[in-house]
Each structure stands twice: as C-alpha cells, then as structure tokens.
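What follows is each chain in one-letter form.
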Amino acid sequence: MEAIIRQAILHILDTTADAPDLSDAPMVLAPDKTAYLQTCIERLQATDEARCCRLKETSAFRSEMRQNSDFVDLSRRIAGVLFDYMHAHTTIPCADLAVVDYDYGEQNYLAVLKLNYKNGYTHQTDAQPGGPAVHTITALRACLPAPTVKLEEGALICRADDTMRLVEKKYDIDGQKDFYLSSVVFECTQELTEKKKLDVIHKAAVQAVQDAYTSEPHAAEQVAVMLCNQAAEQENTISVAQVKQQIEENYPMAAAPFCDAVEQAQVDVAEPVKVSPARIRRLESRCLKTASGIEIKIPAELIASDSAVEFIHGDDGSLSMLIKDVIV
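Quick look at the structure, then.

Cut-offs and rules
- Throughout, a residue's number is its position along its own chain's written sequence, starting from 1.
- Given that the model is predicted, a residue must reach a pLDDT of at least 70 before its local features are reported, and side-chain atom pairs must reach 80 or more before they are shown or counted; all residues, however, enter totals for whole chains, interfaces and linings.
- Excluded from the side-chain calculations are hydrogens and water; all other atoms, namely the structure's heavy atoms, are used.
- Helix and strand definitions here come from DSSP, where helices need a minimum of 4 consecutive H or I residues and strands a minimum of 2 consecutive E residues; each element is numbered from the N-terminal end.
- The quantity called the radius of gyration is restricted to C-alpha atoms. Its globule counterpart is 2.2 Å times the number of residues to the power 0.38.
- Remark: exposure states derive from per-residue accessible area (1.4 Å probe, protein chains only) relative to the maximum for the residue type, with buried under 20%, exposed over 50%, and partly exposed in between.
- The contact definition used throughout considers only heavy atoms, calling two residues in contact when any of these lie within 4.5 Å.
- As used throughout, the charge tally considers Lys and Arg to be positive and Asp and Glu to be negative, leaving His and the chain termini uncounted.
- By convention, the point assigned to a charge is CZ for Arg, NZ for Lys, CD for Glu and CG for Asp.
- To define axes, lines are fitted to C-alpha atoms, for helices over the stretch in contact only, and angles between the resulting N-to-C directions are given on a 0 to 180 degree scale.
- Any angle between 65 and 115 degrees counts as roughly perpendicular, while under 35 counts as roughly parallel, over 145 as roughly antiparallel, and the rest as oblique.
- Each crossing gets its handedness from the near helix: less than a right angle anticlockwise from the far helix is left-handed, clockwise is right-handed.
- In this classification, Asp, Glu, Lys and Arg are treated as charged, Ala, Val, Leu, Ile, Met, Phe, Trp, Tyr, Cys and Pro as nonpolar, and every other residue, Gly included, as polar.
- Between Lys or Arg on one side and Asp or Glu on the other, a salt bridge is scored when a side-chain nitrogen of the former is within 4 Å of a carboxyl oxygen of the latter.
- To obtain the arc, one takes the directions from the helix axis to the C-beta atoms.
- The pairing criterion for strands is at least two bridges between them, as found by DSSP.

## Comments concerning the overall build of the protein chain
Counting secondary structure elements, the protein chain contains 10 helices and 16 strands. Against the compact-globule benchmark of 20 Å for 328 residues, the protein chain has a radius of gyration of 25 Å, which places it well outside the compact range. Viewed in the frame of its principal axes, the protein chain has a C-alpha envelope of about 80 × 60 × 45 Å. The buried share of the protein chain, reckoned over its 328 residues, is 39%. When contacts within the protein chain are restricted to residue pairs at least 6 apart in sequence, those whose partners lie at least 24 apart make up 61%. The distance from the centre of the 32 positive side-chain charges to the centre of the 50 negative ones in the protein chain is 3 Å.

Here you go:
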C-alpha cells in the first residue's frame, strides 16, 4: 500500500531572512516529485523512531486543521507558526516545509515534512567571453534530504481521529535541550517511540525471566527469538499481550513481573508495537568478543538451543565457548 498524494505545497523557511518565502499555490506534481514525497512519507511511516501521538483537544493546530478547508491557507499558517519559532530560536535548522494532502488506505492524512537543509556540492562552469571554459566545484547550502535519508523532523496526521506519527529532535531552546514540534507547533501528547517501546518490552521480559529462573542460562536469547518470531508472523508488529501469553506458557513465574515493568514504563498494552526490520535483525543474533579482540556473531536461536555452541564456565569465573560441528 502506498500514499496517494492529492496535493502538495512547498514553503521556504530560511531564518537568515526576516520572513518565510511562502507559495501561493500547490506544486505541479510531476512523477519525480510525487515519488520523492511518497518516499519521505513511507520512510516516516515505517521508522521505529517515530512516536504515536494524539493532538490535544486544546491544540491550536487541531482547531485550525478542522476549521480551515483551504489547503493553501492552512499550509501557509503552519509555515508561519513554524518560521516564527525557528526565527526566535536559531539553533533550529533552516528548511523547506512540504505540506502534503494524501490518502493512505481508507484514511485521509496531512503530512507536515520539515526538509532540513544539508550542505552539498555540484559543478559549475566559469567561462569569460573569448576565454577558456573552467569547470569547478561549488558549495550548495540548501540541499534537501536525499530520498534514502530518514527525515529528522516531520509528522503524519490522520484527520479522522487526530492521531499522528511524529519524528522530532531536541534543540537548544533558551539554554535547555528540548522538543518544540510536539509542545509548540502541534501541541500533542508525547508518547514513547516505537524503538523505545521495543526496548522496554525486551528488557522487561529478559529481566523477569532471569529473576524468576536463575538457572536459565540463555534468557536473553530465548526472549529475542520469541520477539523475532512474533514480528515475522505479524508483519513487523509485536503485541504486548501475546508476549505476556508466551511468557506465561514458557516461564509462568515471570509473567507478573513482566506486566508490572511494562505498566510502569507506561507502554500501552492494547496498542501493537511497530518494529523495523533493521531492529529485528539486531535481535536475531548476538555478537561475542574475546579478550584478544576476536568477534563472533551467532544467531540467538542457536545460542538458546545449545545445539551449535556450548558455554563452559571456568572455576576462576572465566567463560569459554565451544563451537560444535565445525566444517573446515
């Protein structure tokens, strides 16, 4: 499923100027522009560094979005609020602001994509009339992010229920590092990122199993395999309820401590956690390093089963590893 873009507009937020350079009409969506915006939206949708938030009822942004049906005017107002705050806090990088009206599945969304400038280089030809042509390198200050690069700041807002996926960064605001998109521009709840939720679930499960079953030698690997298998079966999502059920089946005494730890971390048990393939790949294996600097990467499933490797505890507290069935 891909984002179906209805219309998009671009505004220039260069705080070296005194005012933003705002467009008066949506851009003409040629195939290359559509593909670029779709890629930005899809990467923001997929990243586990996004937070699932909801606009507050008191949010001025929410009120404006619901009452203003003029797409161009709405985008200009968003750009104006953003520029004013950026102009007052110059640690926030200059950017172009793409506002996109699009459909995803059966829902209509508004994407607010802050395309922070990157330094780049290109060629330039210096030629004087009657003189030789000289090709040189020139710096470009306002390059937009490449399609392969994750956006540093942006939001995808579902118009139907005011939920949003938000990616933001902390900047120096009045001498203190803080977010500004969630608190000032959008005024939304501040949930944990998907990445942080997975970390909480993983660590809580491992700790609960290790505490309840001290003789279990491979708790971390067993939990990692459990999470990887669930993500593979459920299209890169993990359900806290199902993790709890699997722990109850395999490590019943660890279920209650696991639930307590997840609840204390304020992870919504009813909401599935989206997991990126890259994050799952990190869980699928464990990298071991010897004192001499040798590194060995072993699938977690093999460590947990003892069929391919065996760990031997020495009387002096040292740990050795026996690798079985080596083929030379």
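Further notes follow.
## A few points about the packing of helix α7 (residues 240-250) against helix α8 (residues 255-264)
α8 packs onto α7 with a crossing angle of 155 degrees between their chain directions and a minimal axis gap of 9 Å. With respect to α8, the axis of α7 lies roughly antiparallel. Relative to α8, α7 is oriented so that their crossing is right-handed. Judged by residue contacts, Val-240, Val-243, Lys-244, Ile-247 and Glu-248 of α7 engage Ala-255, Phe-258, Cys-259 and Val-262 from α8. Looking at the contact of α7 with α8 residue by residue, the class counts come to 7 nonpolar, no polar and 2 charged.

## Some details on the pattern of salt bridges
Counted under the stated rule, the structure contains 13 salt bridges. Across the pair Lys-118 and Glu-152 runs a salt bridge, and its minimum N-O distance is 3.2 Å. Placement of the pair is Lys-118 in strand β5 (residues 118-127) and Glu-152 in the loop between β6 (133-143) and β7 (153-158), with a sequence separation of 34 residues. Note on Glu-152: relative accessible area 26%, which makes it partly exposed. Between Lys-169 and Glu-152 there is a salt bridge, and its shortest N-O distance comes to 3.7 Å. One end of the pair, Lys-169, is in the loop between β8 (163-167) and β9 (171-173); the other, Glu-152, is in the loop between β6 and β7, and 17 residues separate them in sequence. According to the relative accessible area criterion, Lys-169 is partly exposed, its value standing at 34%. If you follow the salt bridges from partner to partner, you end up with Arg-62, Arg-66 and Asp-162 in one network.

## Comments concerning α7
Along α7, the residues classified as buried are Val-240, Val-243 and Ile-247. Relative to the axis of α7, the buried residues are bounded by an arc of 60 degrees and lie together on one face. Buried positions along α7 lie against α5 (194-212), α6 (219-233), β11 (237-238) and α8.

## A word on the sheet that holds strand β2 (residues 51-54)
Strand pairing within a sheet occurs via backbone hydrogen bonds; the two strands may be parallel or antiparallel. Strand order in the open sheet made by the 6 strands is β1-β3-β4-β7-β8-β2, with antiparallel pairing throughout. The open sheet has two edge strands with one neighbour each: β1 (4-13) and β2. Across the sheet, the axes of successive neighbouring strands diverge by a mean angle of 20 degrees, strand direction being ignored. Two elements, β7 and β8, share 4 bridges in a ladder whose sense is antiparallel. Paired with Ile-157 across the two strands is Met-164, which belongs to β8. Across the sheet, helix α3 (residues 71-88) touches β1, β3 (95-104) and β4 (107-116), and the angle it forms with β1 is around 35 degrees.

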